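A closer look at the structure
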Amino acid sequence: MTDTAHRPHEPANMQWGGRFAGGPSAIMRDINASIGFDHRLWRQDIQGSRAHAAMLARIGLLTPEDEHAIATGLEAIAEEIETGRFAFDIALEDIHMNIEARLTNRIGEAGKRLHTARSRNDQVATDFRLWVRDAIDGLTAQLSDTMLALARRAAAHAGDPMPGFTHLQTAQPVTFGHHMLAYVEMLDRDRGRLADCRKRLNACPLGSAALAGTSFPIDRAMTAAALGFDGPTANSLDAVSDRDFALEFLSAAAIGAVHLSRLAEEIVIWCSAPYRFIRLSDAFTTGSSIMPQKRNPDAAELVRAKTGRVTGALVALLTVMKGLPLAYAKDMQEDKEPVFDAAGAWALSLAATAGMVRDMTPDTERMRAFAGSGFATATDLADWLVRVLRLPFRDAHHVTGRLVALAESLGLDLAGLSLAEMQAVEAGITDDVFSVLTVDASVASRTSYGGTAPANVTGQAERWLAVLA
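Source: prediction; values computed, not measured.

Considering the pattern of salt bridges
- Inspection of the entire model under this criterion finds 23 salt bridges.
- In this structure, Glu 265 engages Arg 304 in a salt bridge whose closest nitrogen and oxygen atoms are separated by 2.5 Å. Separated by 39 residues along the polypeptide, Glu 265 in helix 11 (residues 244-271) and Arg 304 in helix 12 (residues 298-321) bring together distant segments of the chain.
- Exposure remark for Arg 304: the relative accessible area of 31% places this residue in the partly exposed category.
- Look at the salt bridges and you will find they share partners, linking Glu 80, Arg 102 and Arg 106 into a network.

Concerning helix 19 (residues 454-468)
- The terminal C-alpha atoms of helix 19, which comprises 15 residues, lie 21 Å apart, in line with the 21 Å expected from a rise of 1.5 Å per residue.
- Against helix 7 (120-156), strand 2 (169-175) and helix 8 (176-201) lie the buried residues of helix 19.

Structural notes on the pairing of strand 1 (residues 161-166)
- The sheet contact formed by strand 1 and strand 2 spans six bridges and is antiparallel. Counted as the bridge partner of Pro 161 is Thr 175 from strand 2.
- Hairpin remark: strand 1 followed by strand 2, antiparallel, with two residues in the connecting loop; positive phi at His 167, about 55 degrees.

Digging into the packing of aromatic side chains
- Taken as a whole and judged by the stated rule, the model has nine aromatic pairs.
- Plain terms: the ring middles of Phe 128 and Phe 245 are 5.5 Å apart, the flat faces sit at 75 degrees to each other, and that makes the pair edge-to-face. Taken together, the residues span a long stretch of sequence, with Phe 128 in helix 7 and Phe 245 in helix 11 at a distance of 117 residues.
- A residue is classified by how much of its surface remains accessible, and Phe 128, at 0% relative accessible area, is buried.
- Geometrically, the ring pair formed by Phe 128 and Phe 340 is edge-to-face, given 6.4 Å between the ring centres and 80 degrees between the ring planes. Of this pair, Phe 128 sits in helix 7 while Phe 340 sits in helix 13 (residues 336-359), and the two are 212 residues apart along the sequence. The exposure classification of Phe 128 matches that of Phe 340, with both residues buried.
- Taken together, Phe 128, Trp 131, Phe 245 and Phe 340 form an aromatic cluster joined through their ring pairs.
- For the cation-ring pair, Arg 133 lies above Phe 229, with the distance from its terminal atom to the ring centre recorded as 4.9 Å.

Remarks on the confidence of the model for the protein
- Chain-level pLDDT for the protein is 93 on average; 93% of the residues reach the 70-or-more range.
- In the model, residues 1-12 has pLDDT below 50 throughout and makes 22 contacts with residues more than four positions away in sequence or in other chains.

Quick look at the state of the cysteines
- Evaluation of the coordinates by the stated rule reveals zero disulfides.
- Cys 204 takes part in no disulfide bond, and the closest cysteine sulfur, belonging to Cys 197, lies 16 Å away.
- The class for Cys 204 is buried, based on a relative accessible area of 0%.

Analysis parameters
Residues numbered from 1 in each chain as written. Predicted model: local features only at pLDDT ≥ 70, side-chain atom pairs only at ≥ 80, totals over all residues. Heavy atoms only, no water. Salt bridge = Lys/Arg side-chain N within 4 Å of Asp/Glu carboxyl O. Helix = DSSP H or I, 4+ residues; strand = E, 2+ residues; numbered from the N terminus. Buried < 20%, exposed > 50% of the residue type's maximum accessible area, 1.4 Å probe, protein only. Expected span 1.5 Å × (residues − 1). Contact = heavy atoms within 4.5 Å. Pairing = 2+ DSSP bridges. Phe/Tyr/Trp six-rings, centres within 6.5 Å; stacked < 30°, edge-to-face > 60°. Lys NZ or Arg CZ within 6 Å of the ring centre and 35° of its normal. pLDDT = per-residue confidence, 0-100. Disulfide = S-S within 2.5 Å.

Take a look at the structure:
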């Protein structure tokens, strides 16, 4: 499509220009146009227009010949856009007018009739819901794939101990599989939030027109069904001004990006020289321009950083919507770029995370050695004092603390203390206490539901694999 030639004193955009004697300034054209980003809605715009045309023909506002011409013309335009032969025109402002103008250019008067009983307000609200719905479906599939990678890793390492941390201090031994499953649970909640968002957005605004509905006898239920919605929206004012679905999507995306960022941070830590719990291959690392020994976990660092873009998108759209009176305002043109950017960043982060999980090589022996460091079995000792000697837990906690202090002063771990040294602190301790002070005994004992016992981890991993694989 070539740029439109304008007669003197004729506005640049003849789609709405009857009211105006002159065209907009270049600055107004640039700030007003959205085609630079909303061209991404072209599939949804064509989808919505085809459904609208079919409904108009059903109720007699279009002839069968006009509907056929519109459908054929839209199909040809879709092929032009798909193959890069469509010339988007900034003078036509947005994707809706670009497609409508090209349709009219191709098929004549029938193209002008397509906009009967609709407005760009309900058109963009419909297109945007369709785009977000498609994005949700794609991201849900990616979340499931990342969960599958984590669950397989969990099944393979259900019995391999690693240190569990609180405050980044060694707390209690867990298994690497248990740690992987923690992220499976997080990502499953992300899927649930997307499912909730999809359910709430799945009402069709088309037919709400500018804000008050239309006097034409349209069948909104028909267009809603054709577009896969559960039904039409119930209030025309709300339908054209609602962006809750975009905010809810960004909220879910922000939480999901934070989850990936937490795992990315752990991958960075686990790859570092003091830990070396895992190794990533060249596929997900980079080198240094001057330090040949370096293997930097850049994929993880970038996943961690992209969280800022996703959370920023949520704040940006909340700020746009704050204080807007009903119904539509041009401010809402700023709704799409944050959503497009956040969806893209989240999708790329999920792909990178799934790739890193599949790529990583855990050093299970090193993790096992660290799992017992920092008196990680101290709680097991306290539990033994409660279970065997019947000490109140607070007393057992105090005795354990004294034993930890003693071991630390001697440069030993708890299992390195002699029975006599232990009995000097608590006379009732027997030789049986040493049975609970190993890392394997510690993780095996955590059999409560959701605990890190290898049998538990295997069972949970198998449950997830049955769901995801």
